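Residues per chain are reported as follows:
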Amino acid sequence: MPLHTRMLIGFVVGIVGGILANIYATDSVWLAPFIEYVTDPVGQIFLRLLFMLVVPLVFSALVLGVSEIGDIRTLGRIGRRTLLWIVLVTGIAVTIGYLMVTTFQPGRGLPPEVAEQLQIENAATVGAKLERAADVTGIDLLVRIVPDNPLRSAVQGDLIGVMFFGLLVGIAIVVLRTDGTRSFLGMVQGLYEICILLIDWIIKLAPWAVAALLFTLTARLGYDVLAQLGRFVLVVAGGLAIHMFVVFPLLLKLLGKTNPIAFFRAARPAILTALSTSSSSATLPTTLMVAEENLGIPHYVGRFVCTLGATANMNGTALFEGVTVLFLAQFFGVELAFSQQIMILLLCVFGSIGAAGVPGGSLPVIAMIMTMFGIPAEGIGIILGVDRLLDALRTTINVTGDLAGSMVIARFEDPQHAGATTMTES
Ligand code: ASP
C-alpha cells in the first residue's frame, strides 16, 4: 500500500478515534493515561525524529541548493523570484483574511463572559507566550537574521541564523572552486544524502504517528471552545480553504502550467505531515522528499525554495495573524483606522516571514502586533483553545505554498520542466 494511503488511514483513525473518545470517554479512567502514556509520547517521538533532521537538512540543502545553481546571476534571479513569490502570495493571503474578517465580523458576536472565562483558563500559557513576544520587538527581527555564532543558532534551533550562514557558505562555494571547497561540498552532499535516507526510514512510522498525533489533538479539543469560537474558526478556516483551493490552483495553472489535481495528489505526504505536526520545520524533510521524488522539481530550485520557504514563506500563518489581530480588536472594541488596518496587514506579511516554523510559532508575533496597536495582548488567551486545530490547517497551507512556489519557479527557470507529466505519487 502506498505511503500516502497508509498515512490517510492513520489520519482518519486518529481523528475519528479522538472525536469518539472526546464525546464518550472524556471522564473515563483510561483516556487521560492513554493519551499521556501512549498517543502523546508516540507523536512526540515522531516529531522529535523529524526535528532531529532539521538543522543538518537546512544547512546542507541550502549549501547544495545554492552551489548547484552555479553562478551568481542565476542565484540572484531565483532569489528575486522566490522573494517575489513570497511577498505576492502572502499579500494575497492577508487580503483574503482581511476581506473575510471585515465581512463576517466574528469578534462582535462573542459573549464577553465566554471570552473572560477562556482568558482565565489560558492565563498561564498566555504569560509564557507574552514573555517570548517581548523577545521579538521591531528592529530586532532584522538584526537577528545575522547570527553572531552559527553553531549557537544551530544548537538553539534558530533556523534563520542557520539559513543565513548556509546561504553565505553556498555563495562562497560558487565563487571559489578549489579542491578544498569541492571536498567540503562532497561532505555536505553526503550529509544531505544521509538525511534523506533517514527521513525515508522515519516517514515509515508516519501512519502510526499521524494517528497518535491526531488522536491526542481531537480527544483533547473540547467542543465547547469550538462552538464558542465557531465564527472565528470558520472565518480562518474559510479563508485558508479559499487560499488552498482557489488561489494555489489558479497560480499553479496560470503560472506553473501544472495540473493542480495532479499536484495535490503528489503533494499528499507533505500535506498530511504538515496537518499532523503543525510545524513547517518538522515537515521540511518530507517537503524536500516530495519536491524531488514526487513533483520532479529540479534539485537546485526545490532545495532553495522549500528550505527558505519553511520559515519565510507562510501564507496560512499570515492570513491567520491578520484575522486574529482584527478579530481581537473587534472583540475589545478597539477602533482601527483604515490606514492602521493596512499597517497591520503589512506587519502580518513580515510577521509570517519572521515566525518560526514550529507549533504556535505565530503567537508571539501576534502578541507583538497587538501591543503595537493597543489591543490587549492577553486576549490571545481567547483563541488558544482552538489554536491547535487552526495551527494544523495553516501549517498545511504554509507547506503547500512552498511546494507550489517551487513548482512555479521551476517552470520559469526551465519552461521544459514538464510539471504534471513528471509527477509521481509515493
Ligand atoms: N505552525 C506554523 C508553521 O510551522 C507556524 C504558525 O503559524 O504558528 O508553519
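The model shown is predicted, which means the values in this text are computed figures rather than measured ones.

Enquirer: Describe the overall build of the protein chain, and please don't skip the residues or the numbers.
Expert: The number of helices and strands found in the protein chain is 19 helices and zero strands. On the principal axes, the C-alpha backbone points of the protein chain span a range of 70 × 50 × 45 Å. Counting every position in the protein chain, which comprises 426 residues, the buried fraction comes to 54%. Within the protein chain, counting contacts between residues at least 6 apart in sequence, those at least 24 apart form 86% of the total. Working note: accessible area of the protein chain is about 18100 Å², and carbon and sulfur atoms make up 69% of it. Averaging the coordinates of the 24 positive side-chain charges in the protein chain and doing the same for the 28 negative ones gives two points 9 Å apart.

Enquirer: Break down the packing of aromatic side chains for me, citing the residues and quoting the values.
Expert: How two aromatic rings sit relative to each other is given by the distance of their centres and the angle of their planes. One pass over the full model with this rule turns up seven aromatic pairs. Geometrically, the ring pair formed by F34 and F215 is edge-to-face, given 5.5 Å between the ring centres and 90° between the ring planes. You can see F34 sitting in helix α2 (residues 31-69) and its partner F215 sitting in helix α10 (residues 206-220), a full 181 residues away along the chain. On the accessibility criterion, F215 (10% relative accessible area) is buried. For the ring pair F245 and F264, a centre distance of 6.2 Å and an interplane angle of 55° mean the geometry is tilted. Here F245 is found in helix α12 (residues 230-254), whereas its partner F264 is found in helix α13 (residues 260-277), with 19 residues between them in sequence. The exposure class assigned to F245 is exposed, which follows from its relative accessible area of 56%. Clustering of aromatic rings is evident, with ring pairs tying together W30, F34 and F215. The aromatic ring of F320 is capped on one face by R394, whose charged end is 3.9 Å from the ring centroid.

Enquirer: Please set out the pattern of salt bridges residue by residue, giving values where relevant.
Expert: Inspection of the entire model under this criterion finds eight salt bridges. Between R303 and E68 there is a salt bridge, with the nearest N and O atoms lying 2.9 Å from each other. One end of the pair, R303, is in helix α15 (residues 299-312); the other, E68, is in helix α2, and 235 residues separate them in sequence. Residue R303 is classed as buried on the basis of its relative accessible area, which comes to 3%. E68 gets classed as partly exposed once you look at its relative accessible area, which sits at 33%. For D148, the salt bridge is made with R152, and the minimal N-O distance between the two is 2.9 Å. Beyond isolated ion pairs, a larger network of salt bridges with shared partners links E68, E292 and R303.

Enquirer: Give a detailed account of the side chain of T287, specifying residues and quantitative values.
Expert: Inspection of the secondary structure assignment puts T287 in helix α14 (residues 280-294). Beyond its immediate chain neighbours, meaning those up to four positions away, T287 contacts A270, C306, V399 and L403.

Enquirer: How would you sum up the site of the ligand? Please name residues and give values.
Expert: Residues in close proximity to the ligand total 16 residues, the closest being S280, T317, D391, R394 and N398. At 2.8 Å, a backbone N or O of G361 approaches an oxygen atom of the ligand. Side-chain polar atom of D391 to a nitrogen atom of the ligand: 2.7 Å apart, as the coordinates give it. For the ligand, whose unbound accessible area comes to 270 Å², protein coverage reaches 100%. For the shell around the ligand, the element with the highest residue contribution is helix α19 (residues 380-413), accounting for four residues. Class assignment for the residues of the shell around the ligand results in four nonpolar, 10 polar and two charged.

Enquirer: So what's going on with the nonpolar core? Which residues, and what values?
Expert: In this structure, L229, F232, F263, L295, F304 and L403 are the most contacted members of the largest nonpolar core, which totals 130 residues. Ranked by the residues each element gives to this core, the list is headed by α19, at 15 residues. Counting five residues, the second largest nonpolar core, distinct from the first, contains L31, I35, F215 and A219.

Enquirer: Could you give an account of the packing of α12 against α19, with specific residues and numbers?
Expert: A pair of packed helices is captured by two measures, namely the crossing angle of their axes and the spacing between those axes. For the pair α12 and α19, the least separation of the axes is 11 Å and the interaxial angle reads 5°. Taken together, α12 and α19 sit at an angle that is classed as roughly parallel. The class makeup of the residues in the contact of α12 with α19 is 18 nonpolar, four polar and one charged.

Enquirer: Let's hear about the side chain of S406: which residues, and what values?
Expert: With respect to the secondary-structure elements, S406 resides in helix α19. Excluding residues within four positions of it along the chain, S406 makes contact with I297, V301, G302, V305 and C306.

Enquirer: Could you give me a rundown of helix α1 (residues 3-24), with the residues and numbers involved?
Expert: Helical geometry: 3.6 residues make up each α-helical turn, so side chains three or four residues apart lie on a common side. Here α1 spans 31 Å end to end across 22 residues, near enough to the 32 Å set by a 1.5 Å rise per residue. Here α1 has its buried residues at L3, H4, M7, G10, F11, G14, G18, A21 and N22. Angular distribution of buried residues about the axis of α1 spans 130°; they occupy a single face of the element. Turned more than 90 degrees away from the buried face of α1, the exposed residues are V13 and Y24. Against the buried residues of α1 lie α2, α10, α11 (223-228) and α13.

Each value, and the rule that gives it
Residues numbered from 1 in each chain as written. Predicted model: local features only at pLDDT ≥ 70, side-chain atom pairs only at ≥ 80, totals over all residues. Heavy atoms only, no water. Helix = DSSP H or I, 4+ residues; strand = E, 2+ residues; numbered from the N terminus. Buried < 20%, exposed > 50% of the residue type's maximum accessible area, 1.4 Å probe, protein only. Contact = heavy atoms within 4.5 Å. Areas by Shrake-Rupley, 256 points an atom, 1.4 Å probe, with all protein chains shown as cover. Lys, Arg positive; Asp, Glu negative; His and termini not counted. Charge placed at Lys NZ, Arg CZ, Asp CG, Glu CD. Phe/Tyr/Trp six-rings, centres within 6.5 Å; stacked < 30°, edge-to-face > 60°. Lys NZ or Arg CZ within 6 Å of the ring centre and 35° of its normal. Salt bridge = Lys/Arg side-chain N within 4 Å of Asp/Glu carboxyl O. Near = heavy atom within 4 Å. Polar contact = N/O pair within 3.5 Å; in protein donor to acceptor, adjacent residues only side chain to side chain. Nonpolar A, V, L, I, M, F, W, Y, C, P; charged D, E, K, R; others polar. Core = buried A, V, L, I, M, F, W, Y, C linked by side-chain atoms within 4.5 Å. Axes fitted to C-alpha atoms, helices over the stretch in contact; angles between N-to-C directions. Parallel < 35°, antiparallel > 145°, perpendicular 65-115°, else oblique. Expected span 1.5 Å × (residues − 1). Arc of directions from axis to C-beta.

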